[in-house]
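In case you want the letters, here they are:
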Amino acid sequence: MSLCEHLPILQIVVPLAASPACILLRRRGWSWGLALGAAWTAFGVAALLLHRALADGVVVYALGGWEPPWGIEYRVDPVNAFVLLLVALIGAVVLLYTPRSLAAELDGIRGNLFYSAYLLCLTGLMGMAITGDVFNLFVFLEISSLSSYTLIALGRDRRALSASFQYLIMGTVGATFFVIGIGLLYMMTGTLNMVDLAQRLQPVMHTRTVLAAFAFLTVGIGLKLALFPLHLWLPNAYAYAPSAVTALLAATATKVSVYVFLRFYYGIFGTSFSFGTLGMDILLVALGLAGVFVASLVAVFQENLKRLLAWSSIAQVGYMIVGVGLGSATGLTATLVHLFNHAVTKGALFLAVGCMVARLGACELDDLRGIGRRMPLATAAVVLGGLSLIGVPLTAGFVSKWYLVLAAVERGWWLVAALVLLGSLIAVGYVWRVVEAAYFQPAGGRTAEAAEAPASMLIPTWILVGATLWFGITAVFTAGVARRGAEVLMAGLAP
């Protein structure tokens, strides 16, 4: 077998093997170099897998030579290849940023241990996307979650510990619901393979056991993706984690959970059951819009910039769920495009905020007065990212919301389209508060002597800002892959 045929397992083995190796490298520079090499290798593998999935169709890899459904398989199609590329890209770019960020925020932390946990988190997230086995999915979910709890707890504010503990409790509840749902499905079908599961569920789809499994899985995954009103763990986790950790998790963790949600609703249970029989389309659109408005309004009144952006993330997840609930190829395209676009936008925003934290030691809006004149590049990155959150033309966020409005109009839900646009107007409120503090208030206090962030932090930030602008100017790649992915999801899982 050629190396190309082993790409699916290399996607997981490379960062997984590098994680314990980082512990052995006591010098921070060496462990960072190993982690960086592993992350960029994973990105290269993800790019090759996406190319193969688009050119040749589904890529199937049987672990250990055990053919499914008896053995675990990794299954790559345009949907999860798109997610793999996103996670690997964010993981690699954020690692470029970490050395100076860690020096500013976590000077007493051993870098080799940080990079080990970071790679474990990256492994878990990519494993969730690539696996075709639901129990293996649970294992990777726990790997990413446990490493996330550790990374969040590293924040220098003591509230990071309570935020991590709150996330641990909520995450454990979500994981418990998830594994109970899997257990119920296994009891009814005797299989854990996703494709086999989708086929064997058909004769027993309307039993109470399967209905209970559907409910448990909806709540369990909903907790992980911060679906309103199951979102309470997220604001503190993002606000008090180290900036590099926040950027990684905000851009990847909830996005992978949205993918898992899609895979169960469309791939395993199918649209006729999820939306036709149970009518979940109405509930999902309602919960998505509620998340958009509640989280956006709360964001308007936040005084801490990281916390403001955390509430914004909940609102953006709401938009994705609206697209899921619309139950059409256009709606799914909107969800997948927004999943990618919001990841690069929010990654850029949190990296830019991390630049300010590194120089000022804080990110309260009062501490950022006049920062636009002291740190013009970092502040410009925040403004451009904010414009994308609003959905201003020529930014990635505009493309996402355009497809979402089209999907709502296509279904005849004009009120939903109007509410999507109204939610974007609320985003103007919290973005304007940042602009006002940065450019229209006199510098003082912490900002009086602030200097621009170092190039090693600005370059990764502007890579993601550039992606935000590029994918807003031309959506050929994102919309094209998302459309292919939507067609795969609408067709369900096939052998």
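A.B. asks: Can you explain the overall build of the chain? Please cite residues and give values.
C.D. replies: When helices and strands are tallied, the chain shows 20 helices and 2 strands. Taking 2.2 N^0.38 as the reference for a compact globule, 495 residues should give roughly 23 Å; the C-alpha atoms of the chain span a radius of gyration of 21 Å, in line with that estimate. Projected onto its principal axes, the C-alpha positions of the chain cover 70 × 55 × 40 Å. Within the chain, buried positions represent 60% of all 495 residues. Nonlocal contacts in the chain, meaning residues at least 24 apart in sequence, comprise 81% of its contacts between residues at least 6 apart. Approximately 17,300 Å² of the chain is accessible, and the part contributed by carbon and sulfur atoms is 69%.

A.B. asks: Can you explain the packing of helix 13 (residues 305-325) against helix 17 (residues 396-411)? Please cite residues and give values.
C.D. replies: In helix packing, the relevant descriptors are the interaxial angle and the interaxial distance, both defined with respect to the helix axes. Close contact between helix 13 and helix 17 brings their axes to 10 Å; oriented N to C, the two are set at 35°. Where helix 13 crosses over helix 17, the two elements pack in a sense that is left-handed. In this structure, helix 13 uses Q316, Y319, V322, G323 and G325 to contact helix 17, whose residues at the interface are K401, L404 and R411. Residue composition of the contact of helix 13 with helix 17, grouped by class: 3 nonpolar, 3 polar and 2 charged.

A.B. asks: An account of the pairing of strand 2 (residues 73-76) is needed here, citing residue identities and associated values.
C.D. replies: Of the two faces of strand 2, the one holding E73 and R75 and the one holding Y74 and V76 are both buried throughout. The pairing of strand 1 (residues 59-62) with strand 2 spans 4 bridges and is antiparallel. Paired with A62 across the bridge in strand 2 is E73.

A.B. asks: Tell me what's going on with the packing of helix 10 (residues 243-268) against helix 13, and back it up with residues and numbers.
C.D. replies: Taken N-terminus to C-terminus, the directions of helix 10 and helix 13 make an angle of 15°; their axes are 11 Å apart at the nearest point. Judged by the angle between their axes, helix 10 and helix 13 are roughly parallel. Here helix 10 and helix 13 pass one another in a crossing that is right-handed. Two secondary-structure elements touch here, helix 10 through S243, T246, T254, K255, V258, F261, L262 and Y266 and helix 13 through K306, V317, M320, I321 and V324.

A.B. asks: Which residues make up a nonpolar patch on the surface, and what values do they have?
C.D. replies: Taken together, the side chains of L422, L425, V428, W432, Y439 and F440 make up a nonpolar region of the molecular surface, amounting to roughly 610 Å² of accessible area. The residue L425 is located in helix 18 (residues 414-439) in this model.

A.B. asks: Which residues make up the environment of A358, and what are the values?
C.D. replies: Assignment of secondary structure puts A358 in helix 14 (residues 329-360). Placed 93 residues apart in sequence, A358 and A451 show a C-alpha to C-alpha distance of 10 Å. In this structure A358 touches A104 and M457, once residues within four positions along its chain are discounted.

Rules of the game
- Residues numbered from 1 in each chain as written.
- Predicted model: local features only at pLDDT ≥ 70, side-chain atom pairs only at ≥ 80, totals over all residues.
- Heavy atoms only, no water.
- Helix = DSSP H or I, 4+ residues; strand = E, 2+ residues; numbered from the N terminus.
- Rg over C-alpha atoms; globule rule 2.2 N^0.38 Å.
- Buried < 20%, exposed > 50% of the residue type's maximum accessible area, 1.4 Å probe, protein only.
- Contact = heavy atoms within 4.5 Å.
- Areas by Shrake-Rupley, 256 points an atom, 1.4 Å probe, with all protein chains shown as cover.
- Axes fitted to C-alpha atoms, helices over the stretch in contact; angles between N-to-C directions.
- Left-handed = near helix turned anticlockwise from the far one by under 90°.
- Nonpolar A, V, L, I, M, F, W, Y, C, P; charged D, E, K, R; others polar.
- Pairing = 2+ DSSP bridges.
- Parallel < 35°, antiparallel > 145°, perpendicular 65-115°, else oblique.
- Patch = residues over 30% accessible without salt bridge, like charges linked within 9 Å, V, L, I, M, F, W, Y side chains within 5 Å.
- Salt bridge = Lys/Arg side-chain N within 4 Å of Asp/Glu carboxyl O.

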